[in-house]
Amino acid sequence: MEEQNAIGILDSGVGGLTVVKEVFRQLPREKIIYFGDTARCPYGPRPAEEVKKFTLEIVDFLLTQNVKMIVIACNTATAAALNEVKKKVKIPVVGVIRPGSLAAIKHTRTGEIGVIGTEGTIQSGAYEKTLKQINPNLNITSYACPTLVPLVESGIEDETMIRQVVKEALQPILNQKMDSLILGCTHYPLISQYIQEVVGEQVKLLSSAEETAREVSTILHYQNLLNQTENHPKHLFYTTGDVDHFKQIAEKWLGRTIEVTHIDLSKVK
Ligand code: I24
Ligand code: DGL
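Residues numbered from 1 in each chain as written. Chains lettered and ligands numbered in written order. Predicted model: local features only at pLDDT ≥ 70, side-chain atom pairs only at ≥ 80, totals over all residues. Heavy atoms only, no water.

A. Spatial organisation of the site of ligand 1. By nearness alone, every residue bordering ligand 1 is listed as Val-14, Thr-38, Val-152, Glu-153, Gly-155, His-187, Leu-190, His-245, Phe-246, Ile-249, Lys-252 and Trp-253. A distance of 3.5 Å separates a nitrogen atom of ligand 1 from a polar atom in the backbone of Glu-153. For ligand 1, whose unbound accessible area comes to 640 Å², protein coverage reaches 81%. Placement of ligand 1 is best described as lying within the largest pocket. Secondary-structure elements contributing two or more residues to the shell around ligand 1 are helix H7 (148-153) and helix H11 (243-254). It is H11 that provides the largest number of residues to the shell around ligand 1, a total of five residues. Taken together, the residues of the shell around ligand 1 sort by class into six nonpolar, four polar and two charged. (Near = heavy atom within 4 Å. Polar contact = N/O pair within 3.5 Å; in protein donor to acceptor, adjacent residues only side chain to side chain. Areas by Shrake-Rupley, 256 points an atom, 1.4 Å probe, with all protein chains shown as cover. 1 Å grid on protein atoms, 1.4 Å probe; cavity = no way out; pocket = protein on both sides within 12 Å on 5 of 7 lines; lining within 4 Å. Sits in = over half its atoms within 2 Å of the grid points. Helix = DSSP H or I, 4+ residues; strand = E, 2+ residues; numbered from the N terminus. Nonpolar A, V, L, I, M, F, W, Y, C, P; charged D, E, K, R; others polar.)

B. Quick look at the site of ligand 2. Neighbouring residues of ligand 2: 14 residues in total, closest Ser-12, Tyr-43, Gly-44, Thr-76 and Thr-186. Within the side chain of Asp-11, a nitrogen or oxygen atom sits 3.1 Å from a nitrogen atom of ligand 2. One of the backbone nitrogen or oxygen atoms of Gly-44 is found 2.8 Å away from an oxygen atom of ligand 2. Notes on ligand 2: free accessible area 290 Å², of which the protein chains cover 99%.

C. Region of the structure containing empty space enclosed by the protein. Within the structure shown, the criterion is met by three cavities of 30 Å³ or more. Empty space within the largest cavity amounts to approximately 100 Å³. Ser-12, Thr-118, Val-149, Cys-185 and Thr-186 are, among the 13 residues lining the largest cavity, the residues nearest its centre. Residue lining of the second largest cavity: Thr-18, Val-19, Ala-73, Asn-75, Val-96, Leu-183, Cys-185, Thr-186, Pro-189, Ser-208 and Ala-209, and that is the complete set. Breaking the lining of the second largest cavity down by element, the ones donating at least two residues are helix H1 (17-26) and helix H10 (208-222). (Points joined across faces, edges and corners; volume = space filled by probe spheres on them.)

Here it is in structure tokens:
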């Protein structure tokens, strides 16, 4: 039965595990097959065409795993490839940009919305397009913060240093009016407390992981694809990079032990 097939979740590396954690919480009966392209991470500084190519390769791999749905958990990949992927595959495809945008639209009172993300995400204009398609009167400030992914991935725990990097990264948008700020990158929720400090408590931070898991739930229900039978589904995690390093970060983040397999995409097919 198709509903017992897994949900395929892809990301440029480990950041998409924020979406996995929410899917585990909101949809505990669903089996997950995660693909983290850690060998080619980060996607943020790469040209859109390259990110599109990488994303399509991963989608092809996930299709060989018989997934019933695909979640593009990476903002940069969603910006570069969501439309193309949707055109190519017959199963439902969800990105992280629409759910995050809808959350901001639901929250804003002034119509002034900020978006921060990688260079690729911001340059694509995908958030503006999505937001303005729903409400053309919104006032959107979008800004790339290329230092924040390296900050999170450095594993630095020194709060003074984190504060300093976050403050510098956000300086240019501090005089912009906004009542909502979309964290348009997988990694930003991990430093949201520092971002909140810098932008002030009057600005509501919106992250897409929770909203994306809810969108997944809605679509599975609507398409009659919710898994009704599984109780302890066996999840699979693929990484193009180092298995032990991936496993260490993922297990710490998810709070459970997982099975991780190395994969070389050039050897698939
Ligand atoms: N957090 C992230 N990426 C890393 C890291 C981290 N190292 C420490 N912490 N490294 O992303 C990325 C490069 N690696 C990835 C694995 O393969 C080799 C290359 C954010 C994690 C999002 C779930 C800090 C850290 C951690 C565990 C949980 C959360 C966290 F170790 F911030
Ligand atoms: N996952 C990416 C995103 O959400 C951040 C890391 C990267 O640049 O690959 O945009």
